[in-house]
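# Working through the structure, step by step
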Amino acid sequence: MQIYLPIAEVSVNLFVLIGLGGIVGFMSGLFGVGGGFLITPLLFFIGIPPAIAVATGANQVVASSVSGVLSHVRRRTVDFRMGLVLLSGGIAGSAVGIWVFARLSASGQVDLMVQLAYVLFLGVIGALMLQESLRALRRRNRPGTPARRTHEHSLLHRLPFQVRFRTSGLYISVIPPLLVGASVGFLSAIMGVGGGFIMVPAMIYLLGMPTKVVVGTSLFQIIFVSAFTTVAHATTSFSVDMALALLLILGGVVGAQLGAQAGLRLKAEQLRILLALLVLVVAGKIALDLLIRPAELYSLTPGRLP
Amino acid sequence: MVAGLSQSSVAITARFEGSQILIYGAVRREAPPPASPPLAVIVTVEGPSEPVTVRRKDRRFGLWINTEAAAVSAAPTFYAVATTGPLEAILSQTEDLRQRISIPRAIRAVGIAGDVTDVASFTAALIRIREAERAYLIDTGAVRLTEDTLFRTDVALPANLTEGSYRVRIFLLRGGRVIDWNLSEIDVRKAGLERWLTNLSQREPLAYGLLSLLIAVAAGWGASAGFRLIRA
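A short tour of the structure in this document, coming up.

Calculation notes
- Residues numbered from 1 in each chain as written.
- Chains lettered and ligands numbered in written order.
- Predicted model: local features only at pLDDT ≥ 70, side-chain atom pairs only at ≥ 80, totals over all residues.
- Heavy atoms only, no water.
- Phe/Tyr/Trp six-rings, centres within 6.5 Å; stacked < 30°, edge-to-face > 60°.
- Helix = DSSP H or I, 4+ residues; strand = E, 2+ residues; numbered from the N terminus.
- Buried < 20%, exposed > 50% of the residue type's maximum accessible area, 1.4 Å probe, protein only.
- Core = buried A, V, L, I, M, F, W, Y, C linked by side-chain atoms within 4.5 Å.
- Contact = heavy atoms within 4.5 Å.
- Buried area = accessible area lost by both parts, 1.4 Å probe.
- Salt bridge = Lys/Arg side-chain N within 4 Å of Asp/Glu carboxyl O.
- Polar contact = N/O pair within 3.5 Å; in protein donor to acceptor, adjacent residues only side chain to side chain.
- Pairing = 2+ DSSP bridges.

## Points about the packing of aromatic side chains
All names here are of chain A. For the structure on display, the rule yields six aromatic pairs over all chains. Aromatic side chains Phe80 and Phe220 sit 5.0 Å apart centroid to centroid with 90 degrees between the ring planes, which places their arrangement in the edge-to-face category. Of this pair, Phe80 sits in helix H4 (residues 80-107) while Phe220 is found in helix H9 (residues 211-236), placing the two residues 140 residues apart along the sequence. Look at Phe220 and you get buried, because its relative accessible area is 11%. An aromatic cluster is built from Phe80, Phe220 and Phe224, whose rings are joined through pairwise contacts.

Okay, here's the thing in structure tokens:
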């Protein structure tokens, strides 16, 4: 069954859209990533214009994050205090990022910058996560060896402004989470994504938060980042397609619930291995696009040269 | 020549799946027609024009990246040509230049700008990509001409239509020269919910953005509450 999307001005299959929303929502509930880094390329693939895909993807991320975060709230696995600290850092970082993005757009090579940033960050983060979680899994299977704490940052405990984050079981300075939030906000403004896939590993490895709290807390702060992005796109480029968003949301919220359920049945190490593999696949795909000669060397973008 | 269209307007609703337009007409004459050369008919349907930027990728430092770009000032979003026979046989170069009938002529290549060395390869790429998307098409032999008097053809407007006024031109040709032509228009407009959403997104962007957010939050909450009910 086809549906004509009013803003995108293309006609697409209804069930394909609901299905896409469902897949991305499932990932989101399972891993605590917004899924922006998945939904945007998938929408390009089915023929949605890039600007509309980015803006509408952000709107869908709001819905699946709300759906996911609510089930985490009920299980008390959201660290609100940590979420707010990360968010305030994130807003500052993304303001700087938007400014840098505008500078890069003027120079004309913003596409390449974005793609290289994706390959670099996704590749490095994915590889590190995979290596660490495989090691953790092996240790778990070989009882007797003492488990090593993943965070041994003595510096973390010597910085001023120590705050207790009860849900995470941490008593650390607010400076590291602020910095993490700011750098993720900066990167996500440049790369046009919510930044969950950077935030989640950063919370686990840099801040030493327990994996079960990380997912809910990451979703909590993604809601605000992507809500801001949605309204910004709607008012500046009129590129949010409500009909498209609605269908993606329909699939997405259900998927997010199923994902959160599935997450309960997996061990933390297994969850991290799966996320690492997903991140590596996306990085590999983008790297191949840069390295392999494209079938069509030319591409069309509506509008005049900037 | 007298000509008509099966419909003069197309309404795009949510369930729009494309539209068939029947274009028909008859040749009116005061004197008996000359025996040769034979009569030919060309029908073109042209969607609203928009500027397009064409970019080319080149290999730099082992990576395929966008290098050169050219801006085409106006290219139709849709262009279909239906004919009674092969275009090169029934249409002369000069008439094509004057009336802009064939696809390369319909794109105003004169309006191409940018620091590119070979403009031709950029316009060729534009046509190639649009033809692959079935946005530009030539349908040779799709116009049926009966007794050198009555003609008719069907043009299929695809589901991915841009809003605007679609120009329908009918040319009568003899020996490669246009002897008569006719212009009519099809008005393609969004209707119903599609119309309402488009207007809202452009006139009240902040309200539209907030409404999108509200829907997202409500749907997220609804799904969470719904699943809790199912499990309880």
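Still more ground to cover, so stick around.
## Overview of the nonpolar core
Grouped together as the largest cluster of nonpolar side chains are 69 residues, with contacts concentrated most on A:Leu5, A:Leu43 and A:Ile48. Residue contributions to this core peak at nine residues, all from helix H11 (residues 268-291) of chain A. If sequence neighbours within four positions are ignored, A:Ile48 has contacts with A:Leu5, A:Ala8, A:Val10, A:Val12, A:Leu43, A:Ala53 and A:Leu244. Core analysis: the second largest hydrophobic core is formed by 29 residues, B:Ala40, B:Val54, B:Ile101 and B:Tyr136 among them.

## A short note on the interface of chain A and chain B
Facing 56 residues of chain A, the contacting portion of chain B comprises 61 residues. For chain A, the biggest contributors to the area lost against chain B are A:Tyr4, A:Met242 and A:Tyr298; these three give 17% of the whole. Between A:Glu9 and B:Lys190 there is a salt bridge; the shortest N-O distance is 3.3 Å. Applying the counting criterion to the chain A and chain B interface returns 12 residue pairs in polar contact (both at pLDDT 80 or more). Secondary structure elements with two or more residues in the side of chain A that touches chain B: strand E1 (2-5), strand E2 (10-13), helix H3 (50-74), helix H5 (110-141), H9, helix H10 (242-264), H11 and strand E5 (298-302) of chain A. Top contributing element to the side of chain A that touches chain B by residue count: H10(A), with nine residues. With five bridges connecting them, E5(A) and strand E5 (residues 49-60) of chain B associate as antiparallel partners.

Everything listed here is a matter of geometry and, on its own, says nothing about what the molecule does.
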